[in-house]
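# What the coordinates show
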Number of protein chains: 2
Amino acid sequence: MFSISKKLILKTACSFCMLFFSITSFAQQPADYVNPFIGTSNFGAAFPGPIAPRGMASISPFNVAGVKNTPMEKDSQWLSNPYVNENTFLTGFSQVNLSGVGCPELGVILLMPTTGNLEIDHLKYGSTYSNEVAKAGYYSVDLKKYKVKGEFTASKRVGVSRFSFPKGQSNILINLGLGLTNEEGSMIKVVSSTEIEGMRSVGSFCYNSPEDAYPVYFVAKFSKPAEKFGVWKKPSKYNGVEAQWMSGYNGKARIMKNTIKTVVGDSIGSYFSYKFDKQETVEVKIGISYVSIENARENLEKETGDKSFDAVYKDTYKEWNDELSKILVEGGSEDDKTIFYTALYHTLIHPNTLNDVNGEYPQIKRTKIGKTDGTRYTVFSLWDTYRNMHPLTSLVYPKQQSDMIKSMLKMYDENGWLPKWELNSTETFTMVGDPASIVIVDACLKGIQDFDVYKAYYAMLKGADQIENNPLRPGLKEYIEKGYLSTNYPGPVSTTLEYNTSDYAISLLAKALGEKEDYKRFAKRSLSYQKLFDKNLKLLRPRIANGNWYEPFDPEAGSNFEANVGFIEGNAWQYAFMVPHDIKGLMKLMGGDKPFSDQLQKVFDDKKFDMANEPDIAYPYLFNYVKGEEWRSQELVKKLVQEYFQNKPKGLPGNDDTGTMSAWLVYSMMGFYPISPGDAIYTITTPMFDKVTIKLDSRYYKKENIVIEKEINTDGKIKTIELNGKPLNSYFISHDDFVNGGTLKVIQN
Amino acid sequence: MFSISKKLILKTACSFCMLFFSITSFAQQPADYVNPFIGTSNFGAAFPGPIAPRGMASISPFNVAGVKNTPMEKDSQWLSNPYVNENTFLTGFSQVNLSGVGCPELGVILLMPTTGNLEIDHLKYGSTYSNEVAKAGYYSVDLKKYKVKGEFTASKRVGVSRFSFPKGQSNILINLGLGLTNEEGSMIKVVSSTEIEGMRSVGSFCYNSPEDAYPVYFVAKFSKPAEKFGVWKKPSKYNGVEAQWMSGYNGKARIMKNTIKTVVGDSIGSYFSYKFDKQETVEVKIGISYVSIENARENLEKETGDKSFDAVYKDTYKEWNDELSKILVEGGSEDDKTIFYTALYHTLIHPNTLNDVNGEYPQIKRTKIGKTDGTRYTVFSLWDTYRNMHPLTSLVYPKQQSDMIKSMLKMYDENGWLPKWELNSTETFTMVGDPASIVIVDACLKGIQDFDVYKAYYAMLKGADQIENNPLRPGLKEYIEKGYLSTNYPGPVSTTLEYNTSDYAISLLAKALGEKEDYKRFAKRSLSYQKLFDKNLKLLRPRIANGNWYEPFDPEAGSNFEANVGFIEGNAWQYAFMVPHDIKGLMKLMGGDKPFSDQLQKVFDDKKFDMANEPDIAYPYLFNYVKGEEWRSQELVKKLVQEYFQNKPKGLPGNDDTGTMSAWLVYSMMGFYPISPGDAIYTITTPMFDKVTIKLDSRYYKKENIVIEKEINTDGKIKTIELNGKPLNSYFISHDDFVNGGTLKVIQN
């Protein structure tokens, strides 16, 4: 029933105001609900340390090196995070980190406090720890070996650490040899007794593109001048006749005291030492830049200048709270709010800021230094994020989404291609497909159009049409000719589906732009997956080059990320429904509602569903396409949230994928989902809060808020959905109706 | 007979003027006689490429890497020079080099022109060569593989290269991985299509003090913008599980095209590529600094700015000619003049300039950056150079000698100790003894006193007296207590003799300063070698700690640089007479003139004399102490010059020892020698030119010139020596008499 009059809206707004004030005064703020430990186990790959929203700098406790009696050691396995909650041996605090990725990268510039005699071997100076506290923008821990308390916060480009040392000799190390990245090479120099500068090579994300390894620069400022300082280097070991003359020092670490010389090498570092008469604190600010040491210094000065640790934390906390308060939730348990706001927090880490305070940033491939007036974003894990993270950003943070698109278009200017998996101005070419188009079209059709739409359109067309030397769409010729990639290419079914999805998005933009021919062409191309449909199996199946089915075919092959012939990171079941733009068409292929529904239910009944990876994460919502079966979606979503998302370190199903899993949770708890990325449409399920208020950005949306309310009954199934008091008569709602609707009420009575 | 009246002097001066003009107009200038190939074979360790007088930058063809079918490969033996005349495989042109040293060091920043496709492996891009031309300040060569002509010159801090390329693709590489030094680690960055900047770690001279390894910075400017550019890196190889994921690239070189990113590593480089329609030349200027990249850039700009290759060469040629013209020789063969001026040239390479044009330089141990108004000199191989090179500099280039002493005193300010073997602000502590005192006293007593003499005096006393933690004089306690070092110390006899010699120098300064107690104390200390005199052997012999002779003792042990118990780089014979300050005392110990003379002659007769090393190089002059036997010195010196010093690559007896062997030759050809360093005295032999004119620096000396003339007879023995026409009645002359005398005439009739 549609029942909300204008009066009622005002009333609601007013009661909300009061509630808000009471929250402000007495209750927890959204930022207070963030639990950064969520996702720090079970390969979630989140880190518990501080970062500002979309910050360049971040600090993570680093406990994955030299860990004894545990398999989670960085060099003994493919490990993509600087911190694992179960580990116990801490060797420093890394100053640049990625959150929720699947490949080792960054996790470098390790700051470490110690006491007593200087020790530079991390296996010897590492410590167990206790009393970890993690909040939005803050982390603290006690190092047992040294009785040192470390506290950490960060502004956008500066990590700030505060160490409370006991009386006696204390040391602060910056170890550039150790790190999560599998790249090596650093430079370091003590500038004065309060400053160190340097750089660290990082890159080769997923052990790809080693030639694109790149530098991260830093300047570290210390609040107290060192009594003694120095650098160290552990050189590589010589062989041959020269080794004889290097008796005693060949390959051994050298400590170089009281020197301001530049040292380079794979395993180097610097130390500051103090002699304290009483307990003392030292604050260390580390400014980061991907352009130069000078810019790192400017970032540090402009962002943190004379600000204390507490002042930096206060500002970053406020920034987080402002961002997180764009969605206010009421009802639900404390844990519900915690997992919700932590998920929203995780969607606000990547893409992150690449440019320095002066606007400079390295252009793609580092051919030159660019300059921006706005924000140049980086870390676009688009194969993941196009599905829900970017649509969420378009809705809640449209200005950020706009700047992200502008960043993507700048990459196109610089490189000739839209990004695929862009990381700090390197194109890692990880995963398959051409997802940038979907992200841009999705935002564009949702009303974010303050960028050069035609440039974006032509950039998409280039990726979609250029047959030769096309780094985004390998196999494009075969795809266009046959409608699919054959097994001559890796993951041909997955890739075909990704191309179809992108082509569908392009067709939508073509239509909107009145480009009829393109519209028709791409609309047609987007359905070519149908040629891979095996009617017997009711599954999509790889074909070999001559058109025959690939044999022998095992639909189960490829679960748990095993390599297989047809699919990338999944099997035939996990890709069976990955045609978000043509579920109706797929339904037909399968023989109608019932067979579709049965096949879909089988995925869940037979545990073929993988909550931890992207291809099938929209599946729970697909029952909304079958009239009368929508309750299955409602039950499934609720069940999956309860099973996989919890207020504990293991509380993510796996890699967060730069916020994609978290975005899934944010949507699912709010009761809607962007079911077909590119399409400005959402599908609806039961919210997990009594009320959700999304504040809209007046620069992009007319209304101030979207409000989602629910009325609960006993069997938990939705009976009615109302938009501003009028029945919706659908489990789908267009973006326009949604953002202009006011209140969506989900009624179960 | 003293015969030269004032009139005659004027006449002489006048005829000299005419001669000089005729030289200027038609004849070869002193600089034209320089043959930089001398000393590039037979371990002379000179390099044939250009350097300005006492320049920081120098360019050497680098042909010691990957040399096939020859033992002179840098990694297959202890090799201390970037170029060996017999080698044939050239892999670049190193931009900083040491001349005439005995340990591998510098020989880095290798510039290399190639043509065709880019190749970054020096074993593949190296080339044979022909048509080498080497002159003071100039070197050129044709690279056979590429038909590229390379020409090279240098200003004080900038190496300038000019490559003439054929039509087609050409490349200029800067390889920072390759080098003579046994240190590793570099940084490089393309700044623009005409500029590259970077640094290279060097150090561990003689495989000592690896913790003192230090950076040399550079900026390279190209006269033509590169069409393509890039960097490369060959990383170290991973082992373990990560190696599996680095399939195909683990440990392999990576070329990174068109990028301005900073790259660090042990094996890195940068390239500029061109496509030429016709033959073209490219000039590359490489500015050097030991302080910073900024200073390297400033050095480049200030010294060479817009100057062409030819203009830089012209200026450097003039500088060389001005310096070399301080001594004019007449008579003698072309080869005599060539070996003479080349030797003088070799004495003007080290010590060399360390400070940048803005006066900045790294202080000892690089604790901070210092600044000088004058010249900060470096590369003080004092164990070698105190014997004759510094005395020569005091006589001919007293301002330089003064600045060298000021540099040494600055080192004392910075480090607390005078230098021993200082190299680019590292103290290598190579060799034994405390030679700085001798150098300073020698200059001081010759009238160079425009420095803080008392500071110098106290610095000497500290080195001579501080028992504990004395890095200059290990074993000092035992030396003071017993008068000698026992075999508990390495090379105890050699070290005792060095300490004696230094103590004698200190006693001379103490006397001059009126410090009577010190004078007596050090005069006494300087004779303690006598306790090591074995009357039976008439040799100096090591004692063990309890005072007994070391047994079994083989006086021959230690020739050819073999390690032995008593001596450093020599045996008992080569040190038997190394008490330059107490030859009369030694004579007494030996039993008088005759036994002394016999023992000395035995050294030469039995081929125990080593012309290639310092301890015994004054021996040929020692017959001058025995009345009636002076002719032996005259014959020996002449014979040794003819045997060991020639106008060919093998024309030095061995390591030039930063000009020490060359200084020996310069003195010996002029007919006098500083027989007792510290003492302002020379001994005289037959000049090898008809006339030698040494121009004196009016800031330090009253007279304009010293003129040495000879009159020849048949048997070649000196009959009379006249000073300004008056008989000298001695084969010795004081410095004062010499520089104030006007003309020294050596008459054989």
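Model, not experiment: these values are computed from the prediction. (Residues numbered from 1 in each chain as written. Chains lettered and ligands numbered in written order. Predicted model: local features only at pLDDT ≥ 70, side-chain atom pairs only at ≥ 80, totals over all residues. Heavy atoms only, no water.)

### Section: the domain arrangement of chain A
Residue and element names in this part refer to chain A. Domains assigned within chain A are domain 1 (34-321) and domain 2 (327-747). For domain 1 versus domain 2, the distance between C-alpha centres works out to 35 Å. The interface is formed by 50 residues belonging to domain 1 together with 49 residues belonging to domain 2. Two residues, Asp212 and Lys365, come together in a salt bridge whose shortest N-O distance is 3.4 Å. Between domain 1 and domain 2 we count 29 residue pairs in polar contact (both at pLDDT 80 or more) in total. (Domains from an automatic or database assignment. Contact = heavy atoms within 4.5 Å. Salt bridge = Lys/Arg side-chain N within 4 Å of Asp/Glu carboxyl O. Polar contact = N/O pair within 3.5 Å; in protein donor to acceptor, adjacent residues only side chain to side chain.)

### A closer look at the pairing of strand β29 (residues 691-695) of chain A
Residue and element names in this part refer to chain A. The buried fraction of β29 is high, at four of five residues. Pairing between β29 and strand β30 (residues 705-711): five bridges, direction antiparallel. Across the sheet, residue Lys695 finds its bridge partner in β30, namely Asn705. (Buried < 20%, exposed > 50% of the residue type's maximum accessible area, 1.4 Å probe, protein only. Helix = DSSP H or I, 4+ residues; strand = E, 2+ residues; numbered from the N terminus. Pairing = 2+ DSSP bridges.)

### Quick notes on the relation of the copies chain B and chain A
One copy of the chain maps onto the other through a rotation about an axis followed by a shift along the same axis. Turning chain B through 180 degrees and shifting it by 0.0 Å along the axis lays it on chain A, with an RMSD of 0.0 Å. Taken together, the rotation angle and the small translation identify this as a two-fold axis. Considering only C-alpha atoms, the part of chain B nearest the rotation axis is Gly265 of chain B, at 2.9 Å. Looking at the interface residues of chain B, 100% of them are also at the interface in chain A, so both copies use one shared face. (Least-squares fit on C-alpha atoms with pLDDT ≥ 70 in both.)

### Structural notes on the state of the cysteines
Residues and elements named next belong to chain A. Inspection of every chain in the model, using the stated rule, returns two disulfides over all chains. Covalent S-S linkage joins Cys103 and Cys206, the inter-sulfur distance amounting to 1.8 Å. Between Cys103 and Cys206, the disulfide has an S-S torsion of 95 degrees and is therefore right-handed. A residue pair is termed long-range when its members are at least 10 positions apart, and Cys103 in the loop between β2 (93-96) and β3 (108-115) and Cys206 in the loop between β10 (195-202) and β11 (214-222) qualify at 103 residues. (Disulfide = S-S within 2.5 Å.)

### Digging into the interface of chain B and chain A
Across the boundary between the two partners, chain B contributes 44 residues, which contact 44 residues of chain A. Buried area between chain B and chain A, summed over both chains or domains, comes out near 3900 Å², and the portion from carbon and sulfur atoms is 53%. Area buried by chain B at its contact with chain A is led by Tyr207, Trp245 and Lys261 of chain B, which between them contribute 16% of it. For the interface between chain B and chain A, the tally reads four salt bridges. (Buried area = accessible area lost by both parts, 1.4 Å probe.)

### Side note on the packing of aromatic side chains
For the structure shown, the criterion picks out 77 aromatic pairs over all chains. Judged by centre distance (6.5 Å) and plane angle (45 degrees), the rings of Phe93 of chain A and Phe163 of chain A are tilted. Residue Phe93 of chain A is found in strand β2, and its partner Phe163 of chain A is found in strand β7 (residues 158-165); the two are separated by 70 residues along the sequence. One exposure class covers both Phe93 of chain A and Phe163 of chain A, and it is buried. Connected via pairs of aromatic rings, a cluster forms that spans Tyr621, Phe645, Trp664, Tyr667, Phe672, Tyr673, Tyr682 and Phe738 of chain A. The aromatic ring of Phe623 of chain A is capped on one face by Arg632 of chain A, whose charged end is 5.8 Å from the ring centroid. Directly above the aromatic system of Trp631 of chain B lies the positively charged group of Lys717 of chain B, at a separation of 4.6 Å from the ring centroid. (Phe/Tyr/Trp six-rings, centres within 6.5 Å; stacked < 30°, edge-to-face > 60°. Lys NZ or Arg CZ within 6 Å of the ring centre and 35° of its normal.)

### With respect to the packing of helix α9 (residues 398-415) of chain A against helix α11 (residues 453-465) of chain A
Packed helix pairs are specified by the crossing angle of their axes together with the interaxial distance, meaning the distance between the axes. Residue and element names in this part refer to chain A. Between α9 and α11, the shortest axis-to-axis distance is 11 Å and the interhelical angle comes to 60 degrees. By the angle between their axes, α9 is oblique relative to α11. Crossing handedness for the pair α9 and α11: left-handed. For the pair α9 and α11, the contacting residues are Leu409, Tyr412 and Asp413 in the first and Lys455, Ala456, Tyr458, Ala459 and Lys462 in the second. (Axes fitted to C-alpha atoms, helices over the stretch in contact; angles between N-to-C directions. Parallel < 35°, antiparallel > 145°, perpendicular 65-115°, else oblique. Left-handed = near helix turned anticlockwise from the far one by under 90°.)

### A word on unusual backbone geometry
With an omega of -15 degrees, the peptide bond between His350 of chain B and Pro351 of chain B qualifies as cis. Mapped onto the elements, Pro351 of chain B comes out in the loop between α6 (334-347) and β18 (352-353). Of note, the amide linkage connecting Glu551 of chain B to Pro552 of chain B takes the cis form, showing an omega dihedral of -15 degrees. Take Pro552 of chain B: it is sitting in the loop between β26 (539-540) and α15 (572-575). Positive phi, close to 70 degrees, is recorded for Lys365 of chain A, a residue that is not glycine. Residue position: Lys365 of chain A is located in the loop between β19 (360-362) and β20 (369-371). Take Lys365 of chain A: its relative accessible area is 36%, and that puts it in the partly exposed class. Even without being glycine, Ser209 of chain B reaches a positive phi, approximately 45 degrees. Here Ser209 of chain B is to be found in the loop between β10 (195-202) and β11 (214-222).

### Topic: the pattern of salt bridges
Two side chains with opposite charge may pair up if their charged atoms get near one another. Residues and elements named next belong to chain A. In total, this model carries 84 salt bridges over all chains according to the counting rule given. Ionic pairing is found between Glu319 and Lys156, a salt bridge with its closest N-O pair at 2.7 Å. Pair noted here: Glu319 is in helix α5 (residues 309-324) and Lys156 is in the loop between β6 (148-154) and β7, with a separation of 163 residues, a long-range link. Each of Asp434, Asp465, Arg473, Asp503, Asp518, Arg521 and Arg525 takes part in salt bridges that share partners, so that together they form one network.

### Concerning helix α18 (residues 630-644) of chain B
Quick reminder: α-helices carry 3.6 residues per turn. Residues three or four places apart thus point the same way. Residues and elements named next belong to chain B. Compared with the 21 Å implied by 1.5 Å per residue over 15 residues, the 21 Å span of α18 between its first and last C-alpha is a close match. For α18, the complete set of buried residues consists of Glu630, Ser633, Gln634, Leu636, Val637, Leu640 and Val641. For α18, the elements touching its buried residues are α6, α17 (593-605) and α19 (660-670). (Expected span 1.5 Å × (residues − 1).)

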